[in-house]
Amino acid sequence: MHVRGRFDPVEPPAEGREKFTHMSEIRNYTLNFGPQHPAAHGVLRLVLEMDGETIQKADPHIGLLHRGTEKLAESKPFNQSIGYMDRLDYVSMMCNEHAYVLAIEKLLGIAPPERAQYIRVMFDEITRVLNHLMWLGSHGLDIGAMTVFLMCFKEREELMDLYEAVSGTRMHATYYRPGGVYRDLPGSMPKYQASKWRSQKDVDRLNEARSGTMLDFIKAFTDRFPANIDDYETLLTDNRIWKQRLVGVGVVSPERAKALGFTGAMLRGSGIEWDLRKKQPYEVYDLLDFDIPVGVNGDCYDRYLVRVEEMRQSNRIIKQCIEWLRKNPGPVITANHKVAPPSRVEMKESMEELIHHFKLFSEGMHVPPGEVYAAVEHPKGEFGIFLMSDGANKPWRLKIRAPGFPHLAAMDEIARGHMIADVVAIIGTMDIVFGEIDR
């Protein structure tokens, strides 16, 4: 004999059937997407107003990673805030530094040596590849493609070794300095050691590309990287599930992309050929040969294709920089010791240089009064620094133009009418990092 439990369905009485049917109709409700959701990057709370499975309104709640970077930078000498820039978009570290040091150099009226400019451009493009590998891996993982994530991180690890070799740290490099870069490229790469986890044979294989200089190591990477990109595309570009999740999702027209303040791949994916490296060249970009990939339909799939092609173009730029750097040795930081510290040898031999060193590290540099805006073509779009100086040793005002901010602000417009699953694809296509959005 069956005894009815608490959760067994109840047959409504005949006279109340109409009332029960009415109550079970789909109603609008509000849903919190994140911050716990793995696709919400840990610090995005997206409040979705739903009509069944369809999004009526998407309201991003930001500020969960706000650290007051702009105000902190206004309380420290100019040269002590470079480390703060690394921590904004923490997967494109050197590109953030670049905009900041460009702004200081504009106010000071100085230009770094040509070798330093080539090193900066090369590391900007290495950083772009780093960023796009992180984006492709996590975007794939969000949508369900696990293998691409592992493949991207394998290559990413080698590029992180370059950061570490050149600056001493894997992520927050503080390598770009006003007037140039911290030091020249090292003559050798760190090598793996044999251990109980790695046999000597494995170590020899891993160290094969590390036997020469850093430029040799980067050259070996650029030679094999296009084949790796082909592998990513084999897994994704014509993949039926990938296309079903991206094609026609998050369409933005060229007019709306401009009106919403999009930059970078978000703007180029909508068919507008705007890239600061070509339109407002800085450093030595006007001397290099590369193309700007542009989308047609303005959907998530086009933005994916644009970023994949950008990796190929970055590879081209890195190769050209390697060629130039091999042929042209020289200084990598300005000889003006009011801006850049003297070498250790000079400091220990000359009283004047010792005073320069002491003043620079205790008080910092005094930047002439004025205001300036410097922008770079960051992997995510236009990253700009607005800097005001009153002649003191620290900024009077610092304002950061984060590329991801207008992209996230358009979430409501892009997501309306889509399903919940499409929100994951839209967040992925925006390539959002909250360090720069919350600042």
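Quantities reported herein were computed from a predicted structural model and do not represent experimental measurements.

A. The packing of helix H6 (residues 146–167) against helix H8 (residues 214–236), seen in detail. It is at 11 Å that the axes of H6 and H8 come closest, and there the two elements cross at 165°. What the angle tells us is that H6 and H8 run roughly antiparallel. Handedness of the crossing formed by H6 with H8: left-handed. Two secondary-structure elements touch here, H6 through Thr147, Val148, Met151, Cys152, Glu155, Glu158, Leu159, Leu162, Ala165 and Val166 and H8 through Met214, Phe217, Ile218, Phe221, Arg224, Phe225, Asn228, Asp231, Tyr232, Leu235 and Leu236.

B. Representation of unusual backbone geometry in the model. Phi at Thr174 is positive, roughly 50°, even though this residue is not glycine. Secondary-structure assignment places Thr174 in the loop between H6 and strand S4 (176–177). Accessibility expressed as a relative area gives 22% for Thr174, which makes it partly exposed. Not every positive phi belongs to a glycine, and Arg439 is a case in point at roughly 50°.

C. Up close: the sheet that holds strand S8 (residues 397–401). With antiparallel pairing, three strands are arranged side by side in an open sheet as S6-S7-S8. The sheet terminates laterally at strand S6 (370–378) and S8, the two strands that pair on one side only. Averaged over all pairs of adjacent strands, the angle between their axes in this sheet comes to 10°, without regard to strand direction. Here strand S7 (residues 381–389) pairs with S8 via five bridges, running antiparallel. Residue pairing across strands places Leu387 opposite Leu398, the latter belonging to S8. Relative to S6, helix H4 (residues 93–108) is tilted by about 150°, and along the sheet it contacts S6, S7 and S8.

D. Broad picture of the environment of Ala99. In this structure, Ala99 sits in helix H4. For Ala99, a relative accessible area of 0% translates into the label buried.

E. Spotlight on the pattern of salt bridges. Evaluated as defined, the whole model comprises 33 salt bridges. A salt bridge links Glu74 to Lys71; its shortest N-O distance comes to 2.7 Å. Residue class for Glu74 comes out buried when judged on its relative accessible area of 13%. The salt bridge partner of Glu413 is Arg256, with a shortest N-O separation of 2.8 Å.

Rules behind the numbers
- Residues numbered from 1 in each chain as written.
- Predicted model: local features only at pLDDT ≥ 70, side-chain atom pairs only at ≥ 80, totals over all residues.
- Heavy atoms only, no water.
- Axes fitted to C-alpha atoms, helices over the stretch in contact; angles between N-to-C directions.
- Helix = DSSP H or I, 4+ residues; strand = E, 2+ residues; numbered from the N terminus.
- Parallel < 35°, antiparallel > 145°, perpendicular 65-115°, else oblique.
- Left-handed = near helix turned anticlockwise from the far one by under 90°.
- Contact = heavy atoms within 4.5 Å.
- Buried < 20%, exposed > 50% of the residue type's maximum accessible area, 1.4 Å probe, protein only.
- Pairing = 2+ DSSP bridges.
- Salt bridge = Lys/Arg side-chain N within 4 Å of Asp/Glu carboxyl O.

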